[in-house]
Protein chains: 2
Amino acid sequence: MNTSSSSRTQGRTQVKRSANRASHDAAVLHAIIDAAWVCHVAFHDGHDVHCIPTACWRIGNDLYIHGSNGSRMIKCLLGGDCCVTITHVDGLVLARSAFNHSMNYRSAVIYGRFAAVDAQGKRTALEAFMEHLVPGRQREIRPGNDKEYAATTVLRIPLDEAACKVRGGPPEDEEADLAIAAWAGVLPLRETRGAPVVDTGCDVAAPEYVRRWQE
Amino acid sequence: MNTSSSSRTQGRTQVKRSANRASHDAAVLHAIIDAAWVCHVAFHDGHDVHCIPTACWRIGNDLYIHGSNGSRMIKCLLGGDCCVTITHVDGLVLARSAFNHSMNYRSAVIYGRFAAVDAQGKRTALEAFMEHLVPGRQREIRPGNDKEYAATTVLRIPLDEAACKVRGGPPEDEEADLAIAAWAGVLPLRETRGAPVVDTGCDVAAPEYVRRWQE
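Residues numbered from 1 in each chain as written. Chains lettered and ligands numbered in written order. Predicted model: local features only at pLDDT ≥ 70, side-chain atom pairs only at ≥ 80, totals over all residues.

Tallying secondary structure elements over chain A gives five helices and 12 strands in all. Each principal axis of the C-alpha distribution contributes one length, and for chain A these read about 65 × 50 × 30 Å. Residues classed as buried in chain A amount to 35% of the 215 residues present. Residue pairs at least 24 apart in sequence account for 72% of intrachain contacts in chain A once pairs closer than 6 positions are excluded. (Helix = DSSP H or I, 4+ residues; strand = E, 2+ residues; numbered from the N terminus. Buried ≥ 20, exposed ≤ 12 C-beta atoms within 10 Å, placed from the backbone. Contact = placed C-beta atoms within 7 Å.)

Residue and element names in this part refer to chain B. Taken together, four strands build an open sheet; the order of strands is β4-β5-β9-β8 and the sheet is antiparallel. At either margin of the open sheet sits one strand with a lone partner, and together these are β4 (57–59) and β8 (115–116). When β8 meets strand β9 (residues 152–158), the two strands line up antiparallel, connected through two bridges. Bridge pairing links A115 to R156 in β9. (Pairing = 2+ DSSP bridges.)

Bringing the confidence of the model for chain A into the picture now. Any residue range with low pLDDT should be treated as having predicted coordinates unsuitable for detailed reading. Residues and elements named next belong to chain A. Averaged over every residue, the pLDDT of chain A is 94; the share at 70 or more is 95%. The low-confidence segment residues 1–9 (pLDDT under 50) makes six contacts with residues lying over four places distant or belonging to another chain. Listed scores for the predicted complex are pTM 0.94 and ipTM 0.94. (pLDDT = per-residue confidence, 0-100.)

Let's shift gears to helix α1 (residues 26–34) of chain A. Residue and element names in this part refer to chain A. All buried positions along α1 are accounted for by L29, I32 and I33. The arc that holds the buried residues of α1, viewed along the axis, is 95°, so those residues lie on one side. Residues of α1 that are exposed and angled more than 90 degrees away from the buried face: A27 and D34. Packing partners of the buried residues in α1 comprise β4 (57–59), β5 (62–68), β6 (82–94), β7 (102–112) and β10 (162–167). (Arc of directions from axis to C-beta.)

Turning next to the relation of the copies chain B and chain A. Here chain B sits on chain A after a turn of 180° about the axis and a move of 0.0 Å along it, with an RMSD of 0.0 Å. The transformation relating the two chain copies, once decomposed into turn and shift, fits a two-fold axis. Taking C-alpha positions as the reference, the residue of chain B nearest the rotation axis is B:E191, at 2.2 Å. Of the residues that chain B buries at the interface, 100% are likewise interface residues in chain A, meaning the two copies contact each other through the same surface. (Least-squares fit on C-alpha atoms with pLDDT ≥ 70 in both.)

A word on the sheet that holds β5(A). Residues and elements named next belong to chain A. Spatial strand order, β4-β5-β9-β8: four strands in an open sheet with antiparallel pairing. This sheet does not close on itself; its edge strands, each paired only once, are β4 and β8 (115–116). The pairing of β5 with strand β9 (residues 152–158) spans seven bridges and is antiparallel. By the bridge assignment, S68 is partnered in β9 with T152.

For the rest of this paragraph, the subject is the interface of chain B and chain A. Counting from both sides, the interface comprises 70 residues of chain B and, opposite them, 70 residues of chain A. Elements supplying a minimum of two residues to the side of chain B that touches chain A: β2 (38–44), β3 (49–55), β6 (82–94), β7 (102–112), α3 (119–133), β11 (185–193) and β12 (197–198) of chain B. Top contributing element to the side of chain B that touches chain A by residue count: β11(B), with nine residues. Residue classes in the side of chain B that touches chain A are distributed as 43 nonpolar, 14 polar and 13 charged. Bridge analysis of strand β11 (residues 185–193) of chain A against β11(B) gives five bridges, and the strand direction is antiparallel. The residue of β11(B) that forms the bridge with A:R193 is B:L189. (Nonpolar A, V, L, I, M, F, W, Y, C, P; charged D, E, K, R; others polar.)

This brings us to the nonpolar core. Within the largest apolar cluster, 104 residues are counted, with the highest numbers of intra-cluster contacts made by A:A42 and B:A42. Aside from chain neighbours lying at most four places away, what touches A:A42 is A:V49, A:H50, A:C51, A:C82, A:C83, B:A42, B:V49, B:H50 and B:C51. (Core = buried A, V, L, I, M, F, W, Y, C linked by C-beta atoms within 7 Å.)

As structure tokens, then:
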């Protein structure tokens, strides 16, 4: 038993493979979540395991998702533990030997159980989600009405049981392979933003979050 | 019982939410997989559900992953069913009402059980993976040796039980909301390729797959 581990690194969040890439730093976790549009939520419905992508956002030490009240995922998540994973791929790492090839990435794995947010918290959380995506837009659009809010469940899960893995930088070749005449380095990947596409029939001037989308 | 459904749309791959976005077309599924660097694999280890990102590639009608023989994921996947999910986010969809906001995306969910590939198939599959990532590189690098191959498991899962969901195009506002003076449209997102970063000490000329990386 490794008695030197903190409680955050024991059990489900102990990273065993490439443990040198592990992080349990809240700032790293928050940055990975805040850079994500979606997470993958894995849960068991009593018969099968499912893995469903869904939009996510963070408020403080909780990750939030939302869905229709009647969805299988929402029902299952309220009844049992799950695993929420976010992954960003940052590049292909080309080493001089086949088995030292890798990828640069940032990933976060969160364990725990979602809880439903109450009626007032639901409005606050969904407005925070809009503010996160497109700051300032909430006041321009038609806000949700009572019927729309009533049909929607907002769930949150604390970030207390989470682990990140991050790989960055160049390939790590073995000494004996360094003389091999193969190009070595990183082929970077990143997410970029395309030119906004205005809807047919919309003659409203583009607000700041649209004009600055590609900056 | 819906007797008109084909076997591919029944059970675990029947899409119930936003079913108009569902596809069971093999070409759509293959394109989603081929555009992905990683998938998320969800499995149950007897205690908990886990969701782990891992590199993936496709050969014909199978999706492939690989890992260390001793990894928990590899062991669990050989012993039970799992769910493999791939998601590409293509943009934020800004509607005139809060609850009609959406994202454009392409996702694939695959159910089934992985099987281990035999020793010869392992070499063929990993070389196909390299060819998929960086065509022509396999002949330049040091190939895997017997020890490296022996320590690695390659798994494949058939794509027979899979469903895709795809959303594209403009926002879908309700008629009554069309007069609202909010900008509406799509803020596109896409993956792009950054300038290759050569490793320190590498003086090998960049091969074609490096020179053309950003094209």
